[in-house]
Amino acid sequence: MRSLALPFAAAVLACVGPAWAGGFEEPLSYRTDGYKAPVPDTLRGARVVDTNEAAALWREKGAVFIDVMPNTPKPANLPAGTIWRDKGRLDIPGSLWLANVGYGAISEETADYFRQGLESATGSDKSRPILFYCMTNCWMSWNAAKRAIEWGYSAVIWYPLGADGWESANLPLAENRPYVAD
């Protein structure tokens, strides 16, 4: 009976596919709503990695890690005396958190912030490997990686399982704050 268990398990895993598998083709354009939803298995022009591959890149310092999780900014119209505490995020250590750049439609100001962050992280080298992530089944990282490809970055890596996939593998996390542009 044991001799059948391993082939059976392998067959089941082959049918299931990756944990993030959405089971559909990637769209031609950006996702503009419903960002927390199953994502495609692919991103044209990018290398898609699982947690083991992302961890190897992290250990080897083989890529710049970019988190694109949104962040709620301090409201401009807070009443005087209101205490505001920016929320940090538990991130893959050493990541640059480029908050709010993964929406399907971004303002020119956000695009400039994104470009500046990428240039800072890569030393303006568009061939330097960049790994984008957010959370499992989050379109923000897919959108951001797609945008970087369109801007001419040639070594884009997408990690669809994101920070929660990283945490599930018992890999280290570190408190992080959003990047502040000059």
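Read on for an overview of the structure. (Residues numbered from 1 in each chain as written. Predicted model: local features only at pLDDT ≥ 70, side-chain atom pairs only at ≥ 80, totals over all residues. Heavy atoms only, no water.)

## Notes on the sheet that holds strand S2 (residues 64-67)
We apply this condition: Pairs of strands are assigned from DSSP output, requiring at least two bridges between the strands. Each helix corresponds to a stretch of at least 4 residues labelled H or I by DSSP, and each strand to a stretch of at least 2 residues labelled E; elements are numbered beginning at the N terminus. The contact rule is simple, with two residues in contact once any of their heavy atoms fall within 4.5 Å. Fitted lines through C-alpha atoms serve as axes, helices being fitted only where they are in contact, and the angles separating the N-to-C directions of these axes extend from 0 to 180 degrees.
With parallel pairing, the five strands of this open sheet are ordered in space as S1-S6-S5-S2-S4. Among the strands making up the open sheet, the edge pair consists of strand S1 (46-48) and strand S4 (96-97). Pairing of S2 with strand S5 (residues 130-133) involves four bridges; the strand directions are parallel. Each bridged residue has a counterpart across the sheet, and for Ile66 the counterpart in S5 is Phe132. Helix H3 (residues 108-122) contacts S2, S4 and S5 of the sheet and is inclined by roughly 135° relative to S5.

## Observations concerning unusual backbone geometry
Condition: Remark: exposure states derive from per-residue accessible area (1.4 Å probe, protein chains only) relative to the maximum for the residue type, with buried under 20%, exposed over 50%, and partly exposed in between.
Of note in this structure, Asn100 is not a glycine but carries a positive phi near 70°. Relative to the assigned elements, Asn100 resides in the loop between S4 and H3. Take Asn100: its relative accessible area is 23%, and that puts it in the partly exposed class. Positive phi outside glycine occurs at Asn137, with the angle close to 55°. Mapping Asn137 onto the fold places it in the loop between S5 and helix H4 (139-150).

## A word on the side chain of Asp67
Selection rule: In the analysis that follows, any N or O atom pair within 3.5 Å is treated as a polar contact, provided that within protein one partner can donate a hydrogen and the other can accept it, and provided that, for residues neighboring in sequence, both atoms belong to side chains.
Tracing the sequence through the fold places Asp67 in strand S2. Take Asp67: its relative accessible area is 0%, and that puts it in the buried class. A distance of 3.0 Å separates a polar side-chain atom of Asp67 from the backbone nitrogen of Met69. Excluding its chain neighbours within four sequence positions, the residues that come into contact with Asp67 are Arg89, Asp91, Leu96, Trp97, Leu98, Tyr133 and Cys134.

## Let's talk about the packing of aromatic side chains
Defined as follows: Any two of the Phe, Tyr and Trp rings considered here, Trp counted by its six-membered ring, make a pair once their centres fall within 6.5 Å; the pair's planes then place it as stacked at under 30 degrees, edge-to-face at over 60, or tilted in between.
With the rule as written, the count across this model stands at eight aromatic pairs. Seen in terms of ring centroids, Tyr35 and Tyr103 are 5.4 Å apart; in terms of plane orientation they differ by 85°. Their pairing is edge-to-face. Here Tyr103 lies in the loop between S4 and H3 and Tyr35 lies in the loop between helix H1 (2-16) and S1, a separation of 68 residues in the sequence. Tyr35 sits in the buried class, given a relative accessible area of 16%. We classify Tyr103 as partly exposed; its relative accessible area is 30%. Judged by centre distance (6.4 Å) and plane angle (70°), the ring pair of Phe65 and Trp166 falls under edge-to-face.

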